[in-house]
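# Commentary on secondary and tertiary structure
Take a look at the letters that make up each chain.
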Amino acid sequence: MTQRVPLTGLSFLLLSGFGLAQLPQRSATPDLGAVLSGWQARHGTDWRMALDGETGFVQMLYGGHTAAVPVPADDAGFFELARTSLNESIGLHGIDDATLVNERTLFLPLGQIGSNDKLTVRFTEAVDGVPVEGGFVNVLYDMRGRVLSIQSTGLPHVAGFDVHPTVGSEAALQSAVASFRARTGLLETSVTGPDLVVDQYNDDGIRIPRLAWKVDVHANHPDVQPEGFVWFVDARTGDVYRNEKTVHDFDVSGSVTSNATPGLSSDNPANPPTQQTMSYMSVASGSTTVPTDTNGNFNLPGLTAPISVTVRYAGQWCNVLNDAGAAYQLTTTANNPTGNAIQMNTTPDEATTSQANIFRAVHLGRDFIKAINPSDTTPDFTVIAHAMVNSTCNANYDGSAINFYHSGNGCSNFGFSTIINHELGHWMNSRYNTGNGSDGMGEGNADVWEMYVYDNPVGGLGAYNGTGFIRTGLNTRQFCGDAHPGCYGEVHNDGEVWMGAAWKVRANLETALGVAPGGLAASTIFLGWMNAYNQTQIRSIIETQWLTLDDNNGTLADSTPHYGQIDPGFRAQGFPGLTEVVIDTVTGLTDTISTTGPYVVSAHILSPLNPPIVTAQVKYRVNGGSFQTVNMSALAGDVYSGAIPGQAALSHVEYYVTASNMATSTSVYPKTSPNVVLGFDIGVKHTLVASSFDGATDEGWTHGAYNGTDEWQRGIPQGKSGTGWVDPSSAISLSNVWGQDLGLGSAGGSYSANSFTWLRTPTFDCTNAVHTHLRFDRWLSVQGSASDQARILVNGSLIYLNPTASVNDATWYGLDYDISSFADGNPAVTIEWSIQANATTNRGGWNIDDVSVVWVESPPTCPAPVNYCVGAPNSVGPGAVMDGLGTQFISQNNFVIDVTGCPPSTNGLFFFGPNPTQVAFGNGFRCVGGTIRRFGAQPTDFLGGAQRAIDVNDTVQPIHAGETWRFQFWYRNPAGGGAGFNLSDGLEVTFCP
């Protein structure tokens, strides 16, 4: 089955119902493979790309480096340099320069962990001053001015999008408030906005621009769980079409604890409060206020003891409020010039201790960032915190404050160490623009903040009246893959995937380097990642981003300083890891009429992290038989080549490439091989049906139901799943497939009970066809045939019935059916896919893509080349002999002339003309007459042979069907005496259509 995997992306949809009709028409996404090849030609072959499936453009360009350039002297220079890099690479990411807004540059001190220092340049995206929601572009540089990566979370080619609303801001505000009240049953206490934005709207898996009013609505009432949502109101239609929760609770499932005071555990009798240093606290005396330093020391200038001093849990970076009463405050007398020891909370109670713990923990979190990168200003703001919120077993971040509940119902007071930094982590997610996404990234990354601040995997230790814990980075919850985010169905559970991976990376680094240097390495990369990328979802690309930051020479092809600790950490949590063997640029052989072969397959194969390549092979099979193996030979530039031998006419050849390295890491190309492979036909192929289902119409395909509801749909599969089955999350090529209930909207993805539905091709003509075959890619899940029957019929005749055991495909499969007995010579042929279901256990059903119906006829014949004339003896033997390789068919343009028997490593040249002759010349005979054309000089190889490909389309002397030409080789032979040169015999070649 020939795999068709063009790298063209998804076009923007123009949906007038969403007010998008004014979006200018734009061409389809370019061939990203070709664009990447152009980038690689300019900047090296190490570069790789990660595709954004929702836009069809590249989300991250990485793996190599550009040439060094003079390093700019200031931020403005780096912004200008980054714009130049983005304009050069626009064909890959599609972000228009006119939409870029300078945000910030930031130095990343990665040199302190054995990598090299880097600098990140960040832009936001806006259209005529209207910001694109979540639209960021990051360019990562080393300190030689070399680009190391480009990451985009924005909308490609959105410049020119109409940003003039037809619905006013007041109407939008009223709609958002009404939606909030209906959703929560609460009256709002604060409303922010409306703000006009270009929202990145996900329309059935495709991200498109949508002009919207963004309104932030909160309700914070006593004795009621706070609620907050950001609402998006269509600025053209007034529809309230989506919302995002902004109050992020600390998960507990009804019973949570917290700690304060020393260590990590909650405030409980076994862990009573002790006096701890209060850093950054405001100390006031009269009109003078100063902060304490990191050791809790203060100095009130210009005053003389004794003086009255007031302290409370407030300062430049944190202000703690007490929801159960007045915030704690102490006024005392400083009697001495020096050595005044002010002790707060000398008789601790729950309310005061929780305030103290919150104040202290917030500053530990801020110090964590500043110790790694003092120039990072992200944490430079005042954290508002509420202690003793009137409820139990929870904590939350509501978009403007972090809030911690009092003790009760089996829970400790939640204002303690790790829980505080978890909620502060939510705030940092927002400030670093990683966000608090619904796939678990928000919760998982907040967990990472608390673990990294305290260098401990356990969150919420002692939350249940001094016992138990909330979550741990030692969990084994596995990553479900990029196609199945949020697979555990609850954000805290989903977040444990990233929490566990991040902790295992840190633990590996601390084991390898020592606790302090290993922790520094992990924290430096983590904070570099927060600054260099805007990764809002838990995806496998995170490891690539971490390794790009860890890299020290501008290429991932030769590993990174800490690959041995980072990669296993991700793999332990089920992430796929960075592929050790990379196979790309594989020859896609086309149909041919040549039966002699060979059919040469080349591939670029790289083992970036565990060299060298041990085996590289082409696996091929003929007409569905067993796979045979051809070993590939290494050529220059990590290119490998192997030759499939010639095959008989009417053969269908399928093949794929596999390679392994010393670490026994194996990769294949295509990635789903041998289920879906590359292929070609030998003979003259005629295509009767060919559809990838990505046109504007159904192209004559029909569907319906014999009984029940017709659920056949053409569109983008949604990856829905059920017990024991899963549907695809993407097509085998381009975007669309035909399937039974693709899972669009709220649909579940399975076929209905007691249904019998069908899908048919248009009628096609096989009058002239012989050896007709049906080929398509399948992803099928269905009960055994005793319960549900999945069928394929050709003109009503059965060619496939599912077996008695259930079929549950977990990947695409390429299939080839011989339908000649039903189709050959038939002027009206249709093919039908159907499922007849009983009342129970319904699965995903048929998903089909890239359907073709073909027939192949024997290739035409052409006279074989004929040797004539005389090849005279030379110094190494009886003389040089001509031969021909490939075919003489003009349509194939693959004929090669070949000579053997010459002296090795001597200069010579091929020449040709229209007429035969035999004239003494040098030490031999000239066998070609008429107007002669010669090719350029070339040496023979160490065996005395030479070859030259004949281009029948040569502009100087094209060759046409029906013409006969004579070829010969002239070569130097001083050792043969006489004239010092000789000639081969002649080769008469007739060319055919």
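Here the structure is shown first, and the text comes after it.
Residues numbered from 1 in each chain as written. Predicted model: local features only at pLDDT ≥ 70, side-chain atom pairs only at ≥ 80, totals over all residues. Heavy atoms only, no water.

### Things to note about the sheet that holds strand β47 (residues 881–885)
Across the sheet, three strands lie side by side as β47-β48-β54; this open sheet has antiparallel pairing. The open sheet has two edge strands with one neighbour each: β47 and β54 (946–949). Sheet twist, expressed as the average angle between the axes of neighbouring strands with direction ignored, equals 20 degrees. By the bridge criterion, five bridges tie β47 to strand β48 (residues 896–900) in an arrangement that is antiparallel. When the sheet's bridge partners are listed, M882 is paired in β48 with V899. (Pairing = 2+ DSSP bridges. Helix = DSSP H or I, 4+ residues; strand = E, 2+ residues; numbered from the N terminus. Axes fitted to C-alpha atoms, helices over the stretch in contact; angles between N-to-C directions.)

### Looking at the state of the cysteines
Applying the stated rule across the entire model yields four disulfides. In this model, C393 is linked to C411 through a disulfide, with the two sulfur atoms separated by 2.0 Å. Judged by the sign of its S-S torsion, about 105 degrees, the bond between C393 and C411 is right-handed. Here C393, found in the loop between β17 (383–392) and β18 (395–397), pairs with C411, found in the loop between β19 (402–406) and α6 (417–431); they are 18 residues apart in sequence, far enough to count as distant. The pair C393 / C411 is uniform in exposure class, with both members buried. Here C480 is linked by a disulfide to C487, with a sulfur-sulfur distance of 1.9 Å. (Disulfide = S-S within 2.5 Å. Buried < 20%, exposed > 50% of the residue type's maximum accessible area, 1.4 Å probe, protein only.)

### Focus: helix α5 (residues 350–372)
Taking 1.5 Å per residue as the helical rise, α5 with its 23 residues ought to reach 33 Å, and the 33 Å between its terminal C-alpha atoms agrees with that figure. Burial analysis of α5 places 18 of its 23 residues in the buried class, which makes it a mostly covered element. (Expected span 1.5 Å × (residues − 1).)

### Digging into the packing of helix α7 (residues 441–454) against helix α8 (residues 491–513)
Following both chains from N to C, one finds α7 and α8 inclined at 35 degrees, their axes separated by 7 Å at the closest point. For the element pair α7 and α8, the recorded crossing hand is right-handed. On α8, the residues touching M441, E443, G444, N445, D447, V448, M451 and Y452 of α7 are V491, H492, G495, W498, M499, A502, W503 and R506. A breakdown of the residues in the contact of α7 with α8 according to their chemical character gives nine nonpolar, four polar and three charged. (Left-handed = near helix turned anticlockwise from the far one by under 90°. Contact = heavy atoms within 4.5 Å. Nonpolar A, V, L, I, M, F, W, Y, C, P; charged D, E, K, R; others polar.)

### Overview of the nonpolar core
Ranked by size, the top nonpolar core spans 91 residues in total, and within it W498, F526, W529 and W546 carry the most contacts. Of all the elements, α5 adds the most residues to this core, at nine residues. When residues no more than four places from it in sequence are discounted, the contact partners of F526 are F368, N445, V448, W449, Y452 and W546. Within the second largest apolar cluster, 33 residues are counted, among which are Y751, L780, I819 and I835. (Core = buried A, V, L, I, M, F, W, Y, C linked by side-chain atoms within 4.5 Å.)

### Examining the sheet that holds strand β27 (residues 639–644)
Ordered in space as β22-β23-β27-β26, the four strands form an open sheet in which the pairing is antiparallel. Because the sheet does not close on itself, it has two edges, and the strands there are β22 (582–584) and β26 (633–634).

### Here's the deal with unusual backbone geometry
For the peptide bond that leads from G193 to P194, omega is 5 degrees, which places it in the cis range. Topologically, P194 is positioned in strand β7 (residues 190–203). The omega torsion across Y669 and P670 is -5 degrees, close enough to zero to call that bond cis. Mapping P670 onto the fold places it in the loop between β29 (666–669) and β30 (678–681). Phi at N893 is positive, roughly 50 degrees, even though this residue is not glycine. Its place among the elements puts N893 in the loop between β47 and β48.

### A short note on helix α11 (residues 563–572)
Taken residue by residue, α11 has Y563, Q565, I566, D567, G569 and F570 as its buried positions. Along its buried surface, α11 packs onto α8, α9 (515–532) and α10 (541–550). Phi turns positive, to about 95 degrees, at G574, one or two residues after α11.

### Let's talk about empty space enclosed by the protein
Tallying each qualifying case throughout the model produces nine cavities of 30 Å³ or more. Here the largest cavity is characterised by a volume of approximately 80 Å³. In terms of lining residues, the largest cavity is bounded by D439, F479, C480, G481, H484, P485, G486, C487, D494, V497 and I538. A volume near 60 Å³ is recorded for the second largest cavity. Considering the residues around the second largest cavity, the lining is formed by 10 residues, among which T261, N357, R360, S417 and Y454 are closest to the centre. Looking at which element gives the most residues to the lining of the second largest cavity, the answer is α5, with four residues. Looking at the lining of the second largest cavity, its residues break down into five nonpolar, four polar and one charged. (1 Å grid on protein atoms, 1.4 Å probe; cavity = no way out; pocket = protein on both sides within 12 Å on 5 of 7 lines; lining within 4 Å. Points joined across faces, edges and corners; volume = space filled by probe spheres on them.)

### Looking at the environment of V163
Take V163: it is sitting in the loop between β6 (147–152) and α4 (169–184). Separated by 749 residues in sequence, V163 and F912 have C-alpha atoms that sit 67 Å apart. The residues contacting V163, other than those within four sequence positions of it, are V127, D128, V130, L196, V198, L211 and R236.

### Looking at the pairing of strand β49 (residues 907–913)
β49 sits mainly inside the fold: six of its seven residues count as buried. Pairing between β49 and strand β53 (residues 938–939): two bridges, direction antiparallel. Counterpart to N907 in the pairing with β53 is P939. Of the strand pairs in this sheet, β49 and strand β55 (residues 964–972) are connected by six bridges, and their pairing is antiparallel. Within β55, the residue paired with F910 across the bridge is F969. In this structure, β49 lies alongside strand β52 (residues 933–934), joined through two bridges in antiparallel fashion. Bridge pairing in β52 places F912 opposite R933.

### Details of the pairing of β6
Consecutive side chains of a regular strand alternate in pointing toward one face of the sheet and then the other. Summarising burial for β6: six of the six residues are buried, a large majority. With two bridges connecting them, strand β2 (residues 58–62) and β6 associate as antiparallel partners. Within the sheet, the bridge partner assigned to M60 lies in β6 and is Q151. Bridge count between strand β5 (residues 130–142) and β6: five bridges; the pairing is antiparallel.

### Regarding the side chain of N982
On the secondary structure map, N982 appears in strand β56 (residues 981–983). Residue classification places N982 among the buried residues on the basis of a relative accessible area of 0%. One polar contact links the side chain of N982 to the main-chain carbonyl oxygen of P873, over a distance of 2.9 Å. Among residues more than four places away in sequence, those in contact with N982 are A872, P873, N874, N923, G924, F969, W970 and Y971. (Polar contact = N/O pair within 3.5 Å; in protein donor to acceptor, adjacent residues only side chain to side chain.)

### Overview of the pattern of salt bridges
Inspection of the entire model under this criterion finds 28 salt bridges. For E244, the salt bridge is made with R242, and the minimal N-O distance between the two is 2.8 Å. What makes E244 partly exposed here is its relative accessible area of 33%. Since its relative accessible area comes to 22%, R242 is described here as partly exposed. One salt bridge in this structure joins D591 and K685, with 3.0 Å as the shortest N-O distance. Residue D591 is found in the loop between β22 and β23 (599–606), and its partner K685 is found in strand β31 (residues 684–691); the two are separated by 94 residues along the sequence. Given the relative accessible area of 28%, K685 is considered partly exposed. (Salt bridge = Lys/Arg side-chain N within 4 Å of Asp/Glu carboxyl O.)

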